[in-house]
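Remarks on the overall topology
Listed here are the chains, written in short residue letters.
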Amino acid sequence: MENEIGVRGKYAYSFPELGSVEIIKDPLIIVENDKIVSIGPYDQTKSSLAGHDIVGDKDADVLIPGLINTHTHAAMTLFRGIADDLPLMEWLEKYIWPMESHLTPDDIFHGARLAVLEMLRSGTTTANSMYWHPEKEAQAFVELGMRAIVGYPILHPIAEYKRDDMFVVKWHQSHNDLIRVALQPHAPYTVTNETYQVMHELLLEYNEKFEVPVLFHTHLAETKHEMEAIRNFAQEMDFQISEEITTPTQYLDSLGVLDQYTVAAHCVHTSKKDVETLRSRKVGVSINLVSNLKLASGIPPLVEYVSNNVKTSLGTDGASSNNRLDLFETTRLIALLYKGLHYSPTLLPISEAMYLATAGGANVLHMNNVGQLKEGFKADIVSLSLKTIEMQPIYHEKSALSHLVYIGERSHVKNVIVNGSLVIENTLPTKVAIDEILDSFKRTSTSLFERI
Ligand SMILES: [Zn+2]
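Residues numbered from 1 in each chain as written. Predicted model: local features only at pLDDT ≥ 70, side-chain atom pairs only at ≥ 80, totals over all residues. Heavy atoms only, no water.

Focus: the domain arrangement of the chain
- What the domain assignment lists for the chain is domain 1 (4-66 + 373-429) and domain 2 (67-364).
- When each unit is reduced to the centre of its C-alpha atoms, the spacing between domain 1 and domain 2 is 29 Å.
- Between domain 1 and domain 2, the residue contacts involve 32 residues of the former and 37 residues of the latter.
- When the two sides are added together, the surface that domain 1 and domain 2 hide from each other amounts to roughly 2700 Å², 65% of it contributed by carbon and sulfur.
- Contact with domain 2 buries surface across domain 1, with Leu-18, Tyr-406 and Arg-410 losing the most and accounting together for 27% of the total.
- The interface formed by domain 1 and domain 2 contains three salt bridges.
- Arg-410 serves as the salt-bridge partner of Asp-326, at 3.5 Å between the closest nitrogen and oxygen.
- Looking at the side of domain 1 that touches domain 2, the element that brings in the most residues is helix 16 (residues 397-406), giving five residues.
- Split by residue class, the side of domain 1 that touches domain 2 holds 19 nonpolar, seven polar and six charged. (Domains from an automatic or database assignment. Contact = heavy atoms within 4.5 Å. Buried area = accessible area lost by both parts, 1.4 Å probe. Salt bridge = Lys/Arg side-chain N within 4 Å of Asp/Glu carboxyl O. Helix = DSSP H or I, 4+ residues; strand = E, 2+ residues; numbered from the N terminus. Nonpolar A, V, L, I, M, F, W, Y, C, P; charged D, E, K, R; others polar.)

Looking at a nonpolar patch on the surface
- On the surface, Ile-82, Phe-449 and Ile-452 cluster together to form a nonpolar patch covering roughly 270 Å² of accessible area.
- Inspection of the secondary structure puts Ile-452 in the segment after helix 17 (434-451). (Patch = residues over 30% accessible without salt bridge, like charges linked within 9 Å, V, L, I, M, F, W, Y side chains within 5 Å. Areas by Shrake-Rupley, 256 points an atom, 1.4 Å probe, with all protein chains shown as cover.)

Some thoughts on the pattern of salt bridges
- One pass over the structure, following the stated rule, counts 24 salt bridges.
- Lys-46 is the salt-bridge partner of Asp-43, the closest N and O atoms lying 3.6 Å from each other.
- Looking at Lys-46, the relative accessible area reads 41%, which means it is partly exposed.
- Asp-177 is the partner of Arg-180 in a salt bridge, and the nearest nitrogen-oxygen pair spans 2.8 Å.
- Overall, the relative accessible area of 4% leaves Arg-180 in the buried class. (Buried < 20%, exposed > 50% of the residue type's maximum accessible area, 1.4 Å probe, protein only.)

Let's talk about the packing of aromatic side chains
- Following the criterion strictly, the structure yields six aromatic pairs and no others.
- Consider the rings of Tyr-11 and Tyr-13, whose centres lie 6.2 Å apart with planes at 40°: the pair is tilted.
- The buried category is assigned to Tyr-11, whose relative accessible area is 7%.
- Lying across the ring of Tyr-42, Arg-8 places its NZ or CZ 3.5 Å from the centre. (Phe/Tyr/Trp six-rings, centres within 6.5 Å; stacked < 30°, edge-to-face > 60°. Lys NZ or Arg CZ within 6 Å of the ring centre and 35° of its normal.)

Quick word on the packing of helix 13 (residues 327-341) against helix 14 (residues 350-357)
- Helix 14 packs onto helix 13 with a crossing angle of 140° between their chain directions and a minimal axis gap of 10 Å. Taken together, the axes of helix 13 and helix 14 are oblique relative to one another. Relative to helix 14, helix 13 is oriented so that their crossing is right-handed. Residues Thr-331, Ile-334 and Ala-335 of helix 13 pack against Ala-353, Met-354, Leu-356 and Ala-357 of helix 14.
- For the contact of helix 13 with helix 14, a count of residues per class yields six nonpolar, one polar and no charged. (Axes fitted to C-alpha atoms, helices over the stretch in contact; angles between N-to-C directions. Parallel < 35°, antiparallel > 145°, perpendicular 65-115°, else oblique. Left-handed = near helix turned anticlockwise from the far one by under 90°.)

Brief notes about helix 7 (residues 193-209)
- In this model, helix 7 (17 residues) spans 25 Å end to end at C-alpha, consistent with the 24 Å of a helix rising 1.5 Å per residue.
- Buried residues belonging to helix 7 abut strand 11 (153-154), helix 5 (165-171), strand 12 (179-185), strand 13 (215-220) and helix 9 (248-254). (Expected span 1.5 Å × (residues − 1).)

So, the sheet that holds strand 6 (residues 53-55)
- Overall, mixed pairing links the four strands, which are arranged 5-4-1-6 in an open sheet. Because the sheet does not close on itself, it has two edges, and the strands there are strand 5 (35-41) and strand 6. Going across the sheet, the axis of each strand differs from the next one's by a mean of 20°, ignoring polarity. (Pairing = 2+ DSSP bridges.)

Focus: the coordination of the zinc ion
- Here the zinc ion is held by His-71 (NE2), His-73 (NE2), His-219 (NE2) and Asp-317 (OD), and the distances to it run 2.1 to 2.4 Å.
- Around the zinc ion, the four donor atoms sit at angles spanning 86 to 170°, and that spread fits a shape best called irregular.
- Between the donor residues of the zinc ion, the gaps in sequence give the motif H-x1-H-x145-H-x97-D. Taken as a pair, His-73 in the loop between strand 8 (67-72) and helix 2 (88-100) and His-219 in strand 13 lie far apart in primary sequence, 146 residues in all. (Donors = N, O, S within 2.8 Å, 3.2 Å for Na, K, Ca; no water. Tetrahedral: all angles 85-135°; square planar, octahedral: opposite > 155°, others 65-115°.)

Section: the side chain of Thr-312
- With respect to the helices and strands, Thr-312 occurs in strand 16 (residues 311-314).
- In this structure the side chain of Thr-312 is engaged in a polar contact, spanning 2.7 Å, whose partner is the backbone oxygen of Val-310.
- In contact with Thr-312, other than residues within four places in its own chain, are Val-285, Ile-287, Leu-302, Tyr-305, Val-306, Leu-356, Gly-360 and Val-364. (Polar contact = N/O pair within 3.5 Å; in protein donor to acceptor, adjacent residues only side chain to side chain.)

Focus: the pairing of strand 10 (residues 147-150)
- Of the two faces of strand 10, the one carrying Arg-147 and Ile-149 and the one carrying Ala-148 and Val-150 are both buried.
- As paired elements, strand 9 (residues 124-129) and strand 10 share three bridges and run parallel to each other. Looking across to strand 10, one finds that Ala-127 is bridged to Ala-148.
- Remark: the strand 9/helix 4 (residues 134-144)/strand 10 crossover connection has right-handed handedness. (Right-handed = clockwise from strand over helix to strand, strands pointing away.)

Observations regarding unusual backbone geometry
- Of note, the bond from His-156 into Pro-157 is cis; its omega dihedral lies within 30 degrees of zero at 0°.
- If you trace the backbone, Pro-157 turns up in the loop between strand 11 and helix 5.
- The step from Gln-392 to Pro-393 runs through a cis peptide bond, and the omega angle for that step is -5°.
- Looking at the secondary structure, you find Pro-393 in the loop between strand 17 (381-385) and helix 16.
- Even without being a glycine, Asn-176 presents a positive backbone phi close to 55°.
- Classification of Asn-176 by relative accessible area gives partly exposed; the value is 49%.
- One non-glycine residue, Ala-296, lies in the positive phi region at around 55°.

As structure tokens, then:
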């Protein structure tokens, strides 16, 4: 068999449902090929260990399911730190879109590769990425061994919609289901009503055919003035929006394009009625708190989503609006911010914050065998080391669980397994040397900077 690994640690945690946590002391996870074939306390599972390579430290590693980033633009690492402290529209129109017009497919490959390495080393094993030349991003994900959903952004006037069955057939569920595809209308203020509907019809057509769904990934309700931007865009593009529609969510719902396949990034500005619409249409929401704070878009009503059973998950957004692709930071931040915002220390406890970063993300991305440490699930496993000053003391399994959210950060990530392959070993990528990634990124970004 290709991969036969026995993963050991001091504790293993999994967060199968909102608010629940499964804890195993002295765990052993047996991985064969791409799956977890058994998981339990070492004494009960060790009989199946013969012939497997052992990974991990039984005295100091914490094992968790890989984190799931439900909204990013991987190759935007190329624009990290190049335009900060600006509002969204100015940032997009004056800086990002003009610079993106200079990107080559090769730039995107190297930009995405850096992002993939950064995400893996932050304990993220799955990402949902919207970017140009998605086949180049897909190559980067495959090369380093990370799970991803990729797709072309459609946005007027830069990229008009063109049907591309070849791309979908080539990449959807490819590489042992490591890579999937999404149709990606950028946002309601850059995509016409008709294009949304045509893309959605195509989505339903694909989803009659494929075993696992192609998703519909869009930005939604990111800023306070988005409805105004949509009306201006409608005027420019010569289509009508009824006066009764007052929010971006109601607008997309009126087009009939919101359903269980939708991944809506941001959802910062939603009314009570919108929250009910997102719930009843089974839309998956991706909260990108750091990006929203940095661009001063507002604070998404995460607690309303969670308490109203809206499918909710976490994203980082791209590296030029975050600027870290670090879900540990996001998880800690949501666990802190909403408590303070609502004057309630019991809101978003550890088990809920970690659910949103793991199984909640898998639920939004329709990955029903990802996001938990469970027999039969894909082996996407992250270990963090407790051998650091700040992780002390560890009295029992609850201490290490607390440290995971309130202390844990990407520097604690030690080993990462995706689809059964050990892709980060002792903090280093196993498939491509770190210097080769950094050197080629430097060459690419220097040449891009000269062009712009
Ligand atoms: Zn975005």
